[in-house]
Amino acid sequence: MTPGTRTVTLGDRSYDIFFDRNIYPALQEWICRFHPGGSVHVVTDGNVASIYGDDIRRCLVGISHEMLILPPGEEHKVLSTVGRIYGFLAEGSAGRESLVIAFGGGVIGDLAGFAAATFLRGISFIQVPTTLLAQVDSSVGGKTGFNLPEGKNLVGAFHQPRAVFIDDAFLLTLDDRNLRAGLAEIMKCGLAGDPELWERLLDRGSRWKSFSGDDWQWLIRRAVDYKASVVERDERESSLRKVLNLGHTIGHSLEQAGGYGRLLHGEAVAMGLAWEAVLGMRLGVTGEEAVDGLVSLLLAMGYDLDVPGIPLASISAAVGMDKKRVESDVDLPQIVRPGSCEIRRIPLAEIRRELPGIRAEIRERSAVREAGTAAGSGETAETLQSLEQRVAADPRDARAITLLADAYRKSGNVAAAWEAIQEVLGRDPSDTMAQRVASDLANTLPAPVEEHAQVTPPLENLVLLDEDAYEIRVADAVAPLGEEGEGLRAPEPAAGPPVPIPEEPVVDPGEPPPAPVESPPAPAVWTVTLADVYWAQGERATARKIVRQILMEEPRNERALAWTAARGKEDPVETALGAFLDTTAKEYGYDLSGHH
Ligand SMILES: NC(=O)c1ccc[n+]([C@@H]2O[C@H](COP(=O)([O-])OP(=O)(O)OC[C@H]3O[C@@H](n4cnc5c(N)ncnc54)[C@H](O)[C@@H]3O)[C@@H](O)[C@H]2O)c1
């Protein structure tokens, strides 16, 4: 075995996988050695033939061969196309000693492999996979077949190839969409059983468009090694091999429900990985951290995780048609942690029941990520502007307002973010996407400090003139508290204009608290009027804090009670938001007492 070869050990069905740049000499040598004199029948599709048709013909000069060029695409992976291949083989007088070459992507591999498995009860075939997906997955392991209108790959046969020839140079002509689709199967391998592969993807996956040939070679080799090791232990998928179906139960359903040809197989698998991971989370098998990592990576790599036009009812019906079904159950691989999966038998009804919740969760995560990316990018201003325009065009567009709120949050404009998110939650407090943004927003607020210290207002230059009268003075005109701490003394009127009130209380957790001698202590008298001053300045949180403080010390204080009642009526949205935040905070164990 050379370093560029991996033998799949399956007794008398063992075969070599050759990895090389410019694979043709190795292919030619192999045919001359193992198929001297037998006819060769190349099956390919129109796209591959137009780019590589001449190359393969040159490689086969001197060898008796013919070529069938099929229309490309998943929609042609059907019985009638298999019929065309049978006709091609029969007309070309293929015999038991003939060799079929599947030269193309996974569709060609599955079709040509199935025809070879069944023609004359089985003739030899080799795979020359030309897409990433075919190189890392479909060309290895011997599964062949085609789709029925009722379900994906419903007809098939196990038929191992005699050899596989993998050349990453074929990827140079593959478009980005197909490259990304192939990456989904590599992700599957990492998640299912190769933590190092998964770590590499987490680390570099989002930059896949700039991968070098070495990057691709490493990933392909790693995924093929993993798949081959699984196939060697369970060739016929009686147990362990089921792990390779990770993402495929829901993925196939999405692919079928969307109509073959709409989603690429790998795109559907990427969605399936995300949906099944969320299902695993809902069933208590998959940790939230794993779901976060997977979904973030998929989104960063540019995958869509849902197709809005596909109704849930169609997906649900397609789930029932999966060939992995065992009566009314399905053996579903579930991620325990990245690189480790277990197979669980799950009732189809349970999967169907979970589908609406899964879709909602996926949409919400995608939308939040979309907002985060928009606001976090260098185009923040432009994005904010376009979101603002979207909201202006349709002020009832809750999604746009929520995205705008999150964009404001990311850009540091917390006040505008609150206002926007309150509007959405005021209309629909159960809007999960808005709830998530609101809770992110709550988490960006400064951490609360000790109960009494936290009512220290930012307005240290507010001076008590009378029992209920205040004036704002420049800082050094504020008189310190009397020794007995009986309250603030009325100071001399200050020269100069009032000092502007800071917009937000600033708490820098990294700074030590100021020394008591240098800084005047905060007013020790809390009154409703003071709360009104803050309220008028837009410092609503501080105003509420003050009134709460009054009520803590004097629960029957009528003015404070009336103030609370009035503000509650005045701002029902904020009250609703407060209630929501309280519930969320309790659920997650946060102390939001300083933020109301
Ligand atoms: N048998 C298995 O174990 C197995 C595993 C995974 C997937 N599959 C099957 O594989 C199929 C998907 O395979 P696929 O993604 O390769 O699709 P595909 O075969 O349809 O190829 C995708 C597109 O790329 C074009 N193409 C192929 N090679 C090219 C190249 N080098 N340069 C430019 N264009 C090229 C094709 O013409 C086609 O248009 C599905 O049917 C899926 O069910 C099978």
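Let me begin by describing the structure that accompanies this report.

**Some remarks on the overall build of the protein chain**
Part 1 of the argument: Helix and strand counts for the protein chain come out as 21 helices and 14 strands.
Part 2 of the argument: Looking at the 596 residues of the protein chain, the share that counts as buried comes to 39%.
Part 3 of the argument: A sequence separation of at least 24 residues applies to 69% of the contacts in the protein chain between residues at least 6 apart.

**Let's talk about helix α10 (residues 265–282)**
Part 1 of the argument: With 18 residues, α10 extends 25 Å between its outermost C-alpha atoms, agreeing within 8% with the 26 Å of an ideal straight helix rising 1.5 Å per residue.
Part 2 of the argument: Of all 18 residues making up α10, 17 are buried, and the element is well covered by its neighbours.
Part 3 of the argument: Just downstream of α10, Gly284 is the residue with a positive phi angle, here 80°.

**Concerning the site of the ligand**
Part 1 of the argument: Around the ligand, the structure places 31 residues, and the nearest of them are Asn47, Gly105, Gly106, Thr131 and Ser138.
Part 2 of the argument: Its residues placed into classes, the shell around the ligand shows eleven nonpolar, 14 polar and six charged.
Part 3 of the argument: Two domains share the shell around the ligand, each providing at least three of its residues, namely domain 1 (5–174) and domain 2 (240–377).

**Focus on the nonpolar core**
Part 1 of the argument: Counting 106 residues, the largest nonpolar core has Val43, Val100, Leu111, Ala112, Ala115, Leu273 and Ala274 as its most contacted members.
Part 2 of the argument: Of all the elements, α10 adds the most residues to this core, at eleven residues.
Part 3 of the argument: Three or more residues apiece are contributed to this core by two domains, here domain 1 (5–174) and domain 2 (240–377).
Part 4 of the argument: Setting aside residues no more than four positions away along its own chain, Leu273 makes contact with Ala184, Met187, Lys188, Leu191, Leu246, Gly247 and Leu294.
Part 5 of the argument: Membership of the second largest hydrophobic core comes to 22 residues, among which are Leu404, Trp418, Val437 and Ala438.

**So, the packing of helix α6 (residues 176–193) against helix α8 (residues 213–233)**
Part 1 of the argument: Relative to each other, α6 and α8 sit at 55°, their axes nearing to 10 Å. The orientation of α6 relative to α8 falls into the category oblique. As α6 runs across α8, the sense of the crossing is left-handed. The segment α6 lies against α8, with Glu185, Ile186, Cys189 and Gly193 engaging Leu219, Ala223, Tyr226 and Lys227.
Part 2 of the argument: When its residues are assigned to classes, the contact of α6 with α8 shows five nonpolar, one polar and two charged.

Criteria and cut-off values
Residues numbered from 1 in each chain as written. Predicted model: local features only at pLDDT ≥ 70, side-chain atom pairs only at ≥ 80, totals over all residues. Helix = DSSP H or I, 4+ residues; strand = E, 2+ residues; numbered from the N terminus. Buried ≥ 20, exposed ≤ 12 C-beta atoms within 10 Å, placed from the backbone. Contact = placed C-beta atoms within 7 Å. Expected span 1.5 Å × (residues − 1). Near = placed C-beta within 6 Å. Nonpolar A, V, L, I, M, F, W, Y, C, P; charged D, E, K, R; others polar. Domains from an automatic or database assignment. Core = buried A, V, L, I, M, F, W, Y, C linked by C-beta atoms within 7 Å. Axes fitted to C-alpha atoms, helices over the stretch in contact; angles between N-to-C directions. Parallel < 35°, antiparallel > 145°, perpendicular 65-115°, else oblique. Left-handed = near helix turned anticlockwise from the far one by under 90°.

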